[in-house]
Amino acid sequence: MLEGQQDTSTAERDADAPLQDPPIESEQPAQPADATDARSDDGYASDAVSATSTSLASSIRDYSFENSRRYHKFKEGLYQFPNDVPEQEREDMKHAVAFHLLGGKLHNSPLKNPQQIIDVGTGTGTWAIDMGDEYPSAEVTGIDLSPIQPPWVPPNVKFVVDDAEAPWLYREGSLDLVHLRNMSTAIKDWPALLAQIYSMLKPGGWIELPEFRWEYGCDDGTMHSEYTPPKMVANIRDGLAAFGIDMHASARNADRLKEAGFTNIRHEIKKVPVGPWPKDPKLKMIGLYNRSVIYDGLQAITIGPFTRGLGWKPEEVEVFLVKVRKDLLDTSVHSYVHFHSLCAQKPETLA
């Protein structure tokens, strides 16, 4: 559901239930079209110290290589997906899709003059950089296992190589916003992490967890049993489970936030089409980009979980992906995945 669309069933819905999108209306099946994306970079002139931590050990800056993909070296093997340039470009495309799904906003938390913002799993740093522009008086820190962020950023933005599940060194009650986007494929112990974040947030501070949930749905029966993307996701889920990771953690994160003590929970689940099959022009564009996010990253998202977690051979992964690629380009299948817009607040007055 995009900006301007309203859910008319609010009065009938349980107060704790998330907002849900209605079925997406499709147009007549069209010929598959390839999506392209070009990322522009205006560039910034800033002090090098603000761009990245200068005390990184060489082992942190190093990378490991496996099956023709590049991975992080710091705490090697903790994250099962690559960090090379093709994957960085795909992550930036995911940022663009999420931005549109949030109605052209970087966040849904109602911030008031924030001073300290943390972006957990910052990746290429695009969200952190944009937040630094939007809130020039705030200090924005991006945390990631990989030092892949650009050197030229706003002077109020910095990046740190660290493990988000390690003990945090921030002062308790010092943060205005902690942002964790698409972290379900990385976090093992959500209750422990949320407890840390709760402690570090100021009273009245916010946590936000926008997240794609890659469980396929269909409202009109066009997704047949031979459609392979859901099977691919099931294999990724099982492969990550071997490392103690719940790929679909977003389905339970609202409950976890409540259990951690957060209040004012705002949760909306949007349907994100896979492919340009919707009738609505905005959804058509989002579906095209979303399909590109999946299609362009098929090898990146499968090779680690399949080989490391399930014991597949690399060539077996490639053979499996042949059918997945074909199915993703079939616009007669009106499938979608889910996007969770979720944020919550630390109580302003603590009991």
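Up top is the structure.
This one's a predicted model, so the numbers in the text were calculated from it and none came from an experiment.

Participant: Would you take a moment to explain the overall build of the chain for this structure?
Facilitator: A count of helices and strands for the chain gives ten helices and eleven strands. Considering only intrachain contacts with a sequence separation of at least 6, the fraction spanning at least 24 residues in the chain is 75%. Carbon and sulfur atoms provide 51% of the accessible area of the chain, an area that totals close to 16,200 Å².

Participant: I'm lost on the side chain of Glu-208 in this one. Help?
Facilitator: Looking at the element boundaries, Glu-208 is found in strand β8 (residues 201-208). This buried residue, Glu-208, is left without a salt bridge; Lys-105 holds the nearest opposite charge, at 7.7 Å. At 2.8 Å, the side chain of Glu-208 and the backbone nitrogen of Asn-108 are in polar contact. Here Ser-109 takes part through its side chain, which lies 2.6 Å from a polar atom of the side chain of Glu-208. In this structure, Glu-208 is in contact with His-107, Asn-108, Ser-109, Leu-177, Val-178, His-179, Leu-180, Leu-342 and Cys-343, ignoring residues within four places of it in sequence.

Participant: I would appreciate a short explanation of the nonpolar core in the present structure.
Facilitator: Generally speaking, soluble globular proteins have nonpolar side chains that are buried together. Counting 34 residues, the largest nonpolar core has Phe-212, Trp-214, Tyr-216, Met-232, Ile-294, Leu-298 and Leu-328 as the members making the most contacts within it. Within the residue set of this core, elements represented by two or more residues are α3 (85-101), β9 (211-218), α6 (229-241), α8 (281-296), α9 (298-309), α10 (314-328) and β11 (335-345). Sorting elements by how many residues they give to this core places α10 first, with five residues. Every residue in contact with Tyr-216, bar those within four places of it in the chain, is listed here: Met-223, Tyr-227, Pro-229, Pro-230, Val-233, Val-274, Ile-294, Leu-328, Ser-335, Tyr-336 and Val-337. If you look at the next biggest cluster of nonpolar residues, it comprises 26 residues, including Ile-143, Leu-180, Met-183 and Ile-207.

Participant: Honestly, the packing of helix α5 (residues 190-200) against helix α7 (residues 253-260) in this entry has me stumped. Any pointers?
Facilitator: A pair of packed helices is characterised by two quantities: the angle between their axes and the separation of those axes. In contact at an axis separation of 10 Å, α5 and α7 are set at 50° when each is read in the N-to-C sense. Classified by the angle their axes make, α5 and α7 are oblique. α7 is crossed by α5, and the crossing has right-handed handedness. For the pair α5 and α7, the contacting residues are Trp-190, Leu-194 and Tyr-198 in the first and Asn-253, Arg-256, Leu-257 and Ala-260 in the second. Here the contact of α5 with α7 is composed, by residue class, of five nonpolar, one polar and one charged.

Participant: Looking at this model, I keep getting lost on the pairing of strand β3 (residues 69-72). Mind explaining?
Facilitator: Taken residue by residue, a regular strand's side chains alternate between the two faces of the sheet. Looking at chain direction, strand β2 (residues 63-66) and β3 are connected through four bridges and run antiparallel. Within β3, the residue paired with Phe-65 across the bridge is Arg-70. Taken together, β2 and the strand that follows it, β3, pair antiparallel across an intervening segment of two residues, in which Asn-67 is found at a positive phi of about 50°.

Participant: How should I be thinking about the packing of aromatic side chains in this particular structure?
Facilitator: We describe a pair of aromatic rings using the distance from one ring centre to the other and the angle between the two ring planes. Tallied over the entire structure, the rule returns nine aromatic pairs. The interplanar angle of 85° and the centroid separation of 5.1 Å between the aromatic rings of Tyr-198 and Phe-262 together place this pair among those described as edge-to-face. Taken together, the residues span a long stretch of sequence, with Tyr-198 in helix α5 and Phe-262 in the loop between α7 and β10 (263-273) at a distance of 64 residues. For the pair formed by Tyr-198 and Phe-262, the shared burial category is buried. Above the ring of Tyr-71, the side-chain terminus of Arg-308 is found at 4.4 Å from the ring centroid. The residue whose ring lies beneath Lys-346 is Tyr-198, and the NZ or CZ to ring-centre distance is 5.0 Å.

Conventions adopted
Residues numbered from 1 in each chain as written. Predicted model: local features only at pLDDT ≥ 70, side-chain atom pairs only at ≥ 80, totals over all residues. Heavy atoms only, no water. Helix = DSSP H or I, 4+ residues; strand = E, 2+ residues; numbered from the N terminus. Contact = heavy atoms within 4.5 Å. Areas by Shrake-Rupley, 256 points an atom, 1.4 Å probe, with all protein chains shown as cover. Buried < 20%, exposed > 50% of the residue type's maximum accessible area, 1.4 Å probe, protein only. Lys, Arg positive; Asp, Glu negative; His and termini not counted. Salt bridge = Lys/Arg side-chain N within 4 Å of Asp/Glu carboxyl O. Polar contact = N/O pair within 3.5 Å; in protein donor to acceptor, adjacent residues only side chain to side chain. Core = buried A, V, L, I, M, F, W, Y, C linked by side-chain atoms within 4.5 Å. Axes fitted to C-alpha atoms, helices over the stretch in contact; angles between N-to-C directions. Parallel < 35°, antiparallel > 145°, perpendicular 65-115°, else oblique. Left-handed = near helix turned anticlockwise from the far one by under 90°. Nonpolar A, V, L, I, M, F, W, Y, C, P; charged D, E, K, R; others polar. Pairing = 2+ DSSP bridges. Phe/Tyr/Trp six-rings, centres within 6.5 Å; stacked < 30°, edge-to-face > 60°. Lys NZ or Arg CZ within 6 Å of the ring centre and 35° of its normal.

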